Amino acid sequence: MSVANRVLKNSSLLIIASVINNVMTFILTLFTARYLGTYDYGLLSSATSFVGLFGIFCDLGLSTYAIREVSRDKSLLSKYFGTVFVIRVILSIVTFIIYMFFIWISNFTYDGTVVMLLLGIYMIFNSLTLANYSMFQSNEKMQYQTIGNVIYSVSVLLIILYIIHEKCNVIIVALGYPIAITLSFIYTVYITYKHYPRLTISLDKSFMKNLFAKGIPFGITSIFTSVYFWIALIILTYTASSDAVGLFSSSQKLLLVVSAIAYLVSNAIFPVMSELYTQNIEKLRGLYYKILKFLLILGIPMVLIASLYASDIINLIYGSEYVVGSTALSILIFAGVFMLLSNISSTLLGAINKQTVATKISCIGAIFSIIVNLLLIMKYSYIGASYATVLTEFLILFMMLIHLHNTEFKITIRECISPITRIIITNIIMIVVILVLDLSFWPAVIIGCVINVICLFLTGAINNEDKDIIFGFVNTILSKFTNS
C-alpha cells in the first residue's frame, strides 16, 4: 500500500469519527452550557482543565514510544502493550490519589469537589481506553478507535440529555462522563480480547530501562503541552469568578475542536512517519510538507471566518448569556492555525527520534505560558488568557520550525513562498467577497467555502498531485459509508 493510501485509510476512519464526535459535542455543548449557565458550566470546565493536566501523568509517554517501536516491528506488540497497560493502571491509580489530595487541599465548594471527583474517575477509565487505542494505532487498525470514540460521544450525549431532561444539578451532569467512558473502555477490552494476541508483561531490566528512558521524553512533552494549554483555565479558576472561567471556556472548547483535528492527524500519521524514517527519508520529507500545506489550506479560512463571526458562533452554540465573551474566540482562534502546524511538527520530531527536542521546546512553552498568563490574566482576565494562548502557540511553532531548519526537513523560502502566496490570495478573495456582500454567518460559511475551493484550484494552490490525494480521500470516505 502506498504512503498516500495508508495515510488516507488511517485518517479517513478518524475523520469519520471526528465528524460524529464533533456533531455530538456540538449538541451536548448546546444543551449543557445553556442548562447550567456560566457559573456551573465554569465549574465543570475547571474540573475538565484539572483532569486534562493530571491525566498526562497516567502514561508518561510510554504508549507513544510503544506505538513508534511496534509500527516498525509488529512482533513486539504483545510485549510492549502488555507491559505498558499494567504500568498505566498503576500510574492511573497513583495519579488519581494525588489528584484527589490536590482537590481536597484546594478548598472547593461541595459541588465543586464532587464534580472534580467524578471527572477524576473519568480520568482513570479514559487513560485505560487510550492505552488500548494506542495499540490499535500501532498496527493502523483505526476502525476500532473510530467505533470506541463514537460509543463514547453518543453515550455521553444521550446520558447527559436524559439528566438535563430530569432537571438534575451539575453533579449529576458530571456523572455522565465516567459512565460513558466506561462503556467505551469495555468495548476496547472486548476488541483486544477478540482480535489481538494475548498480551504479555516483560520485567526484563534492560527492556524496562529502555522503555522508560525513551518513553518519558514523550510524556514530559505531553505534560508541558498540557500545562501551556490548560494553565489559563487553572489560573482563572483561582483568580477570577466561575463566570469568567465559563466565558473563557466557551471559546476554548471551540479551540479544542482544532486540537482534536491536530490529534487525529497525528494519530493517523505517526506510525507511517515512524516507519518511513527507517525506510525512505525523502518520502517522509514530502509527506511532512504536503500535510503542512493542507493544514494551512484548512486553517487560514477557519481563522478568518471564526474571527469575523465570533459573536454569532458563540450565540449559536451557547446562547446570548455567553456572547459577552466572544472576543476571546476572535483572539483564540488564531492559536488554532499555529496549533495545527506545531502539532504535526512535533509528531515528526517524535518519529525521527528527536522527542527530546520536542520536550525542550514544550518546556520553554510551558514556562512562557505560565508567566504570560499570570501577567495578562491579572490585568485583563480571560481576554488576557486568550492573548497568552496565541503567543504561546506561536512561540512553540517558531521554535520547532527553527530546529527542523537544521535538519533534512528544513523549509526553505523558495519552497514555501509560492504555495503560501497562492493560499493567501485565495483567502483574500474569499474575505473581500464576504465583506462586500455583507453576508450573515451561515451564508458566509457556505459561500466562503465555495469561493475558497474554486480559488484554490484557479490559483494553483492545489496542484494535480493534491487533486489525486483529495479525490482519493473523498472516495475512501464514501466507500466507508457505502460499505457500512
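Structure shown above.
In this text, all values refer to a predicted model and were calculated from it rather than measured experimentally. (Residues numbered from 1 in each chain as written. Predicted model: local features only at pLDDT ≥ 70, side-chain atom pairs only at ≥ 80, totals over all residues. Heavy atoms only, no water.)

1. Some remarks on the layout of surface pockets
So, point 1. By volume, the second largest pocket amounts to about 750 Å³.
So, point 2. Lining the second largest pocket are 27 residues, with Leu292, Leu296, Ile411, Cys416 and Ile420 sitting closest to its centre.
So, point 3. Elements represented by at least two residues in the lining of the second largest pocket include exactly α9 (281-308), α11 (326-351), α12 (355-404) and α13 (413-437).
So, point 4. Sorting elements by how many residues they give to the lining of the second largest pocket places α13 first, with 7 residues.
So, point 5. When the residues that make up the lining of the second largest pocket are grouped by side-chain class, the tally is 20 nonpolar, 3 polar and 4 charged. (1 Å grid on protein atoms, 1.4 Å probe; cavity = no way out; pocket = protein on both sides within 12 Å on 5 of 7 lines; lining within 4 Å. Points joined across faces, edges and corners; volume = space filled by probe spheres on them. Helix = DSSP H or I, 4+ residues; strand = E, 2+ residues; numbered from the N terminus. Nonpolar A, V, L, I, M, F, W, Y, C, P; charged D, E, K, R; others polar.)

2. Observations concerning the pattern of salt bridges
So, point 1. Within the structure shown, the criterion is met by 2 salt bridges.
So, point 2. The salt bridge involving Arg88 is made with Asp59; its shortest N-O contact spans 3.1 Å. Of this pair, Arg88 sits in helix α3 (residues 77-105) while Asp59 is found in the loop between α1 (3-54) and α2 (62-72), placing the two residues 29 residues apart along the sequence. Of the two residues, Arg88 and Asp59, neither departs from the other in class, the shared state being buried.
So, point 3. Among the salt bridges present, the one from Arg68 reaches Glu69, with a minimum N-O distance of 3.1 Å. (Salt bridge = Lys/Arg side-chain N within 4 Å of Asp/Glu carboxyl O. Buried < 20%, exposed > 50% of the residue type's maximum accessible area, 1.4 Å probe, protein only.)

3. Topic: empty space enclosed by the protein
So, point 1. A full pass over the atoms with the stated rule returns 1 cavity of 30 Å³ or more.
So, point 2. Those elements giving two or more residues to the lining of the largest cavity turn out to be α3 and α4 (110-138).
So, point 3. Partitioned by chemical class, the residues of the lining of the largest cavity number 6 nonpolar, 2 polar and no charged.

4. A short note on the environment of Asn343
So, point 1. Counting through the fold element by element, Asn343 comes out in helix α11.
So, point 2. Asn343 gets classed as partly exposed once you look at its relative accessible area, which sits at 26%.
So, point 3. If near-sequence neighbours (up to four positions away) are discounted, Asn343 is found in contact with Ala262, Tyr263 and Ser266. (Contact = heavy atoms within 4.5 Å.)

5. Examining α12
So, point 1. Its 50 residues place the ends of α12 only 12 Å apart at the C-alpha level, less than the 74 Å of an ideal helix rising 1.5 Å per residue.
So, point 2. Of all the bends in α12, the largest measures some 145° and sits at Tyr380. (Expected span 1.5 Å × (residues − 1). Bend = angle between axes of the 7 residues up to and from the residue.)

6. Overview of the packing of α2 against α4
So, point 1. α4 packs onto α2 with a crossing angle of 20° between their chain directions and a minimal axis gap of 8 Å. On the basis of their axis angle, the class for α2 and α4 is roughly parallel. Crossing angle aside, the handedness with which α2 passes α4 is right-handed. Counted together, Ser63, Ile67, Val70 and Ser71 of α2 and Ala131, Ser134, Gln137 and Ser138 of α4 form the full contact between these two elements.
So, point 2. Considering only residue class, the contact of α2 with α4 consists of 3 nonpolar, 5 polar and no charged. (Axes fitted to C-alpha atoms, helices over the stretch in contact; angles between N-to-C directions. Parallel < 35°, antiparallel > 145°, perpendicular 65-115°, else oblique. Left-handed = near helix turned anticlockwise from the far one by under 90°.)

7. What about the nonpolar core?
So, point 1. Of all hydrophobic cores here, the largest spans 145 residues; its most connected members are Tyr99, Val115, Leu119 and Met273.
So, point 2. Aside from chain neighbours lying at most four places away, what touches Leu119 is Leu44, Ala47, Val51, Tyr99 and Ala174. (Core = buried A, V, L, I, M, F, W, Y, C linked by side-chain atoms within 4.5 Å.)

8. A word on the packing of aromatic side chains
So, point 1. According to the stated counting rule, one finds 23 aromatic pairs in the structure shown.
So, point 2. A ring pair is formed by Phe50 and Tyr238, whose centres lie 6.2 Å apart and whose planes are at 90°; its orientation type is edge-to-face. With Phe50 in helix α1 and Tyr238 in helix α7 (residues 205-239), this pair connects stretches of sequence that are 188 residues apart.
So, point 3. A residue is classified by how much of its surface remains accessible, and Phe50, at 1% relative accessible area, is buried.
So, point 4. Plain terms: the ring middles of Phe338 and Phe394 are 5.4 Å apart, the flat faces sit at 65° to each other, and that makes the pair edge-to-face. Taken together, the residues span a long stretch of sequence, with Phe338 in helix α11 and Phe394 in helix α12 at a distance of 56 residues.
So, point 5. In this structure an aromatic cluster arises from ring pairing among Phe50, Phe54, Tyr99, Phe102, Phe108 and Tyr238. (Phe/Tyr/Trp six-rings, centres within 6.5 Å; stacked < 30°, edge-to-face > 60°.)

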